[in-house]
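# A closer look at the structure
Listed below are the residues making up each chain.
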Amino acid sequence: MAKRAAIALALTLPWIGLPVGWVFMMIEDRSKQAVGRLCANVSLIGLLLHLVLMYFGMQATMSLVLRYLPMVAGGLQNSQRGGSPDTTIPKGLEP
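Residues numbered from 1 in each chain as written. Predicted model: local features only at pLDDT ≥ 70, side-chain atom pairs only at ≥ 80, totals over all residues. Heavy atoms only, no water.

### What to know about the overall build of the chain
To be explicit about the condition: Every helix listed is a DSSP run of H or I at least four residues long, and every strand listed is a run of E at least two residues long, numbered separately from the N terminus. Burial here depends on accessible area, computed with a 1.4 Å probe over protein chains only, as a share of the maximum for the residue type. Under 20% is buried, over 50% is exposed, and the range in between is partly exposed. Here, Shrake-Rupley sampling with a 1.4 Å probe gives the accessible areas, and only protein chains in the shown set may cover a residue.
A tally of regular secondary structure across the chain gives three helices and zero strands. Along the chain, from the amino end to the carboxyl end, the secondary structure elements read α-α-α. Scored against the burial criterion, the 95 residues of the chain give a buried share of 19%. Total accessible area computed for the chain in this model is approximately 7400 Å², and 71% of it derives from carbon and sulfur atoms.

Listed below in structure tokens is the structure:
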């Protein structure tokens with residue numbers, strides 16, 4: 001039961017699973033050390049998976065950010081000059 005809980009913690013919350021695994025590795029009991037080692041190792045795998053997925057997610061969203069950034073910046077510049085924000089939709093972005 002403890003091994004399944006350690007794996008579930010390590011995969012769902014790897015940022016928390018790694019320190020928890022380290023704490024369990026410091027306990028004198030060999031069985032708890034084994035659970036801590038398993039939790040720490042699976043957390044490292046989970047962290048790597050998290051970082052890879054985050055990289056690909058960032059790559060996918062950057063195209064949207066770069067697409068809408070000029071529209072946001074144009075509205076901000078108009079509002080700083082005291083005028084009304086430009087609400088026109090740039091060419092190519094019409095629905």
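### Focus: the environment of Val 42
Where we set the bar: Residues are treated as being in contact if the distance between any of their heavy atoms lies within 4.5 Å.
On the secondary structure map, Val 42 appears in helix α3 (residues 30–80). A C-alpha to C-alpha distance of 5.7 Å links Val 42 and Ala 10, two positions 32 residues apart in sequence. Leaving out residues up to four positions away in the same chain, Val 42 has contacts with Ile 7, Ala 10 and Leu 11.

### Comments concerning the packing of aromatic side chains
Stated formally: A pair of aromatic rings is counted whenever rings of Phe, Tyr or Trp (Trp by its six-membered ring) have centres within 6.5 Å, and the orientation is called stacked for planes under 30 degrees apart, edge-to-face for over 60 and tilted otherwise.
Going through the model one piece at a time under the given rule, you end up with one aromatic pair. For the ring pair Tyr 55 and Phe 56, a centre distance of 5.4 Å and an interplane angle of 70° mean the geometry is edge-to-face. Using a relative accessible area of 48% as the deciding quantity, one classes Tyr 55 as partly exposed. Taking relative accessible area as the criterion, Phe 56 reaches 53% and is therefore assigned exposed.

### Thoughts on the side chain of Ser 43
The following threshold applies: Pairs of N or O atoms are called polar contacts if they sit within 3.5 Å, as long as, within protein, a hydrogen donor faces a hydrogen acceptor (for residues adjacent in sequence, only side-chain-to-side-chain pairs).
Relative to the elements of secondary structure, Ser 43 occurs in helix α3. Among the polar contacts made by the side chain of Ser 43, one reaches the main-chain amide nitrogen of Leu 18 at a distance of 3.2 Å. Those residues in contact with Ser 43, other than ones at most four positions away along the chain, are Ala 10, Pro 14, Gly 17 and Leu 18.

### Quick word on the packing of helix α1 (residues 2–12) against helix α2 (residues 14–25)
The condition that has to hold: Axis geometry follows a simple rule: fit a line to the C-alpha atoms, using only the stretch in contact for helices, then measure angles between N-to-C directions, giving values from 0 to 180 degrees. The labels follow the angle: roughly parallel below 35 degrees, roughly antiparallel above 145, roughly perpendicular from 65 to 115, and oblique for the rest.
Where α1 meets α2, the closest approach of the two axes is 5 Å, and the angle between their N-to-C directions is 135°. By the angle between their directions, the pair α1 and α2 is classed as oblique. Here Leu 9, Ala 10, Leu 11 and Thr 12 of α1 come into contact with α2, specifically with Pro 14, Ile 16, Gly 17 and Val 20.

### A short note on the nonpolar core
Note the cut-off: We define the nonpolar core as a collection of buried residues of types Ala, Val, Leu, Ile, Met, Phe, Trp, Tyr and Cys that are connected through side-chain atoms lying within 4.5 Å of one another.
In this structure, Ala 6, Ala 10, Val 35, Cys 39 and Val 42 together form the largest nonpolar core, which totals five residues. Breaking this core down by element, the ones donating at least two residues are α1 and α3. Per element, the largest residue contribution to this core is three residues, and it comes from α3.

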